[in-house]
Amino acid sequence: MSQLFQPLRLNSLELANRIVIAPMCQYSAEDGSASDWHMMHLGHLALSGAGLLVVEATAVTPEGRISPRDLGLYSDENEAALGRIVAAIRDYSPIPFAVQLAHAGRKASTRVPWEGGKQIAPAAPTGWKTTAPSPVPYLEEYDAPIALDEAGLVRIRNGFVEAALRAERIGIDGIEIHAAHGYLLHEFLSPLSNKRDDQYGGSLENRMRFPLEVFDAVRSAYPGNKPVWVRISASDWADGGWDIESSIVFAKELEARGCAAVHVSSGGLSPLQKMPVEPNYQVPFARQIKQAVSMPVIAVGLITRAKQAEAIIADGDADAIALARAILYDPRWPWHAAAELGAQVIAPEQYWRSQPREHADLFKIRQSA
C-alpha cells in the first residue's frame, strides 16, 4: 500500500492522504480581500485530491503584507471575502482548508514579482514604512525598518489573535503560523536580522520568545480541537544565521506548547544565502527534526514526482510532503500520483467519467461535502 496515500491526523483533523498544498502567494487581493482570482485558484486546487489545502500567506495587519496586493485577514471586508470562497468550496469539496497567518516584517511594502519585487518607498502612493525586530534592511539600498517597541509587539500579537478568530468564524479548519522565509517571526529568530539587546534579542531563548508568544496567543484563541502549526526555515544558508540545531530547539519548544506539526522549509532571510537548490534539498532538515520530535513533520522543496514523495514518507524522512510550484503546474498531481502508486483519491462526481480505463479504481466515492 502507498504510504503517501495513508491518512494523517493533525489534532482532530484527519487528512485523507499526506499531500499538502503549500501556501502560495497570488498577489491578487484588493485591500487585503480575496478576489475572484482566489475563487478560481483555490477552487480548482480544492478538487485536486490533496489531503490539505493551505491558503497563501495572509497578513494579520495592513503593514504586514508583502505587497499591496497580498491577502489579509485584518478587516471585516477581508473576512467576508475569504468566507465567501470557503463557503463555495465547502459545497463541492471535502478538502480540509487551512490558512497561513503571516507578517512580512522588513520584507513588506514590495512590488509584486512580475513587476520586479523591489521595495516600494514609504513615501510612494502604495508604499509604507516597514517594521522589524531591528532597524536592519533586507538589502542595503532599502529603507530601514522601524524597530518594534513593546506596543508594536502587542499590536502584532493581537493581530495574529484577531485573524485567528476571523478564521474560526468563517470555518477554517487549521492555522499555519508563518515563521519562515525571512518574514517577521523568522526575523526575530535569526541573529542576522535580530540585533536587539532586550528580552527579545541576544540568546536563542530570547530570539525565540516573540514567535513563541505569538504561537501561544493563537493556540489559546483558536478552538483546542483544531490544529495550529508553524512553518519554519530550518536554515538561513548563511554564515552566522539561523541553523538546523536552533530549529530543533524551536521545534521542541513548539511541541511542548501543543503545536500540531512543523512545516520545514529553509532560506529567505539573507540575500547572501547559498542554497543548493535540487530535488529533496530540504528533506534532510525535515528528517533531523522528525528524529527529535513526535509531532508530524511536513517536508517541502522541489518534490515533483510521485515515487520521490512516496520514498520520503516510506523512508521516515517526514510524515507529509507539501507541493507548491509542482501543483500549480499540474493541479491534478495527486490524481496522477495515486494512479502511479496504485492508490485511490477523492474526486468530484462531475469528473468521475474522466477516470482512465487502466485505472478503474482510482476515484473514491466520497460522502457529501
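Residues numbered from 1 in each chain as written. Predicted model: local features only at pLDDT ≥ 70, side-chain atom pairs only at ≥ 80, totals over all residues. Heavy atoms only, no water.

**Q** Explain the overall build of the protein chain to me, please; I cannot follow it from the model alone.
**A** Helices and strands together make up the secondary structure of the protein chain, namely 10 helices and 14 strands. Seen through its C-alpha atoms, the protein chain measures out along the principal axes to roughly 65 × 40 × 40 Å. Buried positions account for 60% of the 369 residues belonging to the protein chain. A fraction of 69% describes how many contacts in the protein chain between residues 6 or more apart in sequence connect residues 24 or more apart. Summed over its atoms, the accessible surface of the protein chain is roughly 14900 Å², and 51% of this surface lies on carbon and sulfur atoms. Charge separation in the protein chain, taken as the distance between the mean sites of 35 positive and 43 negative side-chain charges, equals 2 Å. (Helix = DSSP H or I, 4+ residues; strand = E, 2+ residues; numbered from the N terminus. Buried < 20%, exposed > 50% of the residue type's maximum accessible area, 1.4 Å probe, protein only. Contact = heavy atoms within 4.5 Å. Areas by Shrake-Rupley, 256 points an atom, 1.4 Å probe, with all protein chains shown as cover. Lys, Arg positive; Asp, Glu negative; His and termini not counted. Charge placed at Lys NZ, Arg CZ, Asp CG, Glu CD.)

**Q** Just to check I follow, could you spell out helix α2 (residues 76-90) for this structure?
**A** An α-helix turns once per 3.6 residues; consequently, residues spaced three or four apart project the same way. For α2, which comprises 15 residues, the first-to-last C-alpha distance of 21 Å matches the rise-based estimate of 21 Å (1.5 Å per residue) to within 8%. Of the residues making up α2, those classed as buried are Asn78, Glu79, Ala81, Leu82, Gly83, Ile85, Val86 and Ile89. As for α2, its buried residues are in contact with α1 (36-45), β5 (97-102) and α3 (150-169). (Expected span 1.5 Å × (residues − 1).)

**Q** Which parts of the structure should I look at to understand the pattern of salt bridges?
**A** Oppositely charged side chains can pair when the atoms bearing their charge come close. Using the criterion set out here, one finds 18 salt bridges in the structure. Between Asp173 and Arg90 there is a salt bridge; the shortest N-O distance is 2.7 Å. Of this pair, Asp173 sits in the loop between α3 and β8 (174-179) while Arg90 sits in helix α2, and the two are 83 residues apart along the sequence. Residue classification places Asp173 among the buried positions, given a relative accessible area of 18%. Between Glu253 and Arg257 there is a salt bridge, with its nearest N and O atoms 2.8 Å apart. The partly exposed category is assigned to Arg257, whose relative accessible area is 32%. Here the salt bridges share partners, and the residues they tie into one network are Asp76, Glu79, Glu162, Arg166 and Arg169. (Salt bridge = Lys/Arg side-chain N within 4 Å of Asp/Glu carboxyl O.)

**Q** What am I meant to see in the packing of helix α5 (residues 204-221) against helix α6 (residues 244-256) here?
**A** How two helices sit against one another is set out by the angle between their axes and by the gap between those axes. Interaxial distance between α5 and α6 falls to 11 Å at its minimum, and their mutual angle equals 40°. Classed by the angle they form, the pair α5 and α6 counts as oblique. Where α5 crosses over α6, the handedness of that crossing is right-handed. Packed against α5, whose contacting residues are Leu204, Met208, Pro211, Leu212 and Phe215, the element α6 presents Ser246, Val249, Phe250, Glu253 and Leu254 at the interface. (Axes fitted to C-alpha atoms, helices over the stretch in contact; angles between N-to-C directions. Parallel < 35°, antiparallel > 145°, perpendicular 65-115°, else oblique. Left-handed = near helix turned anticlockwise from the far one by under 90°.)

**Q** Teacher, can you tell me more about the side chain of Ser35 here?
**A** Relative to the helices and strands, Ser35 is located in the loop between β3 (19-21) and α1. Judged by its relative accessible area of 15%, Ser35 falls in the buried class. Residues in contact with Ser35, not counting those within four places in the same chain, are Ser28, Arg84 and Ile85.

**Q** Mind showing me how you'd approach the sheet that holds strand β4 (residues 52-59) here?
**A** The strands making up a sheet associate through hydrogen bonds between their backbones, and the pairing can be parallel or antiparallel. Within the closed barrel, the eight strands sit side by side as β3-β4-β5-β8-β9-β10-β11-β12. Their pairing is parallel. On average, each strand axis in the sheet is inclined to that of its neighbour by 25°, with strand direction left out of account. Sheet topology places strand β10 (residues 262-265) next to strand β11 (residues 297-300); three bridges connect them, and they run parallel. Opposite Val264, over in β11, you have Ala299 as the bridge partner. Seen against the sheet, α1 touches β3, β4 and β5 and runs at an angle of roughly 150° to β4. Against the sheet, α3 engages β5 and β8, with an angle of about 165° to β5. (Pairing = 2+ DSSP bridges.)

**Q** Hey, could you run me through α5 in this one?
**A** Its 18 residues give α5 an end-to-end C-alpha distance of 26 Å, which sits within 8% of 26 Å, the value for a rise of 1.5 Å per residue. Its maximal kink placed at Phe210, α5 deviates by approximately 35°, while the proline Pro211 follows within four residues. What α5 keeps buried is the set Asn206, Arg207, Met208, Phe210, Pro211, Leu212, Val214, Phe215, Ala217, Val218 and Arg219. Residues of α5 that are buried in the fold lie against α3, β8, α4 (184-189), β9 (228-233) and α6. (Bend = angle between axes of the 7 residues up to and from the residue.)

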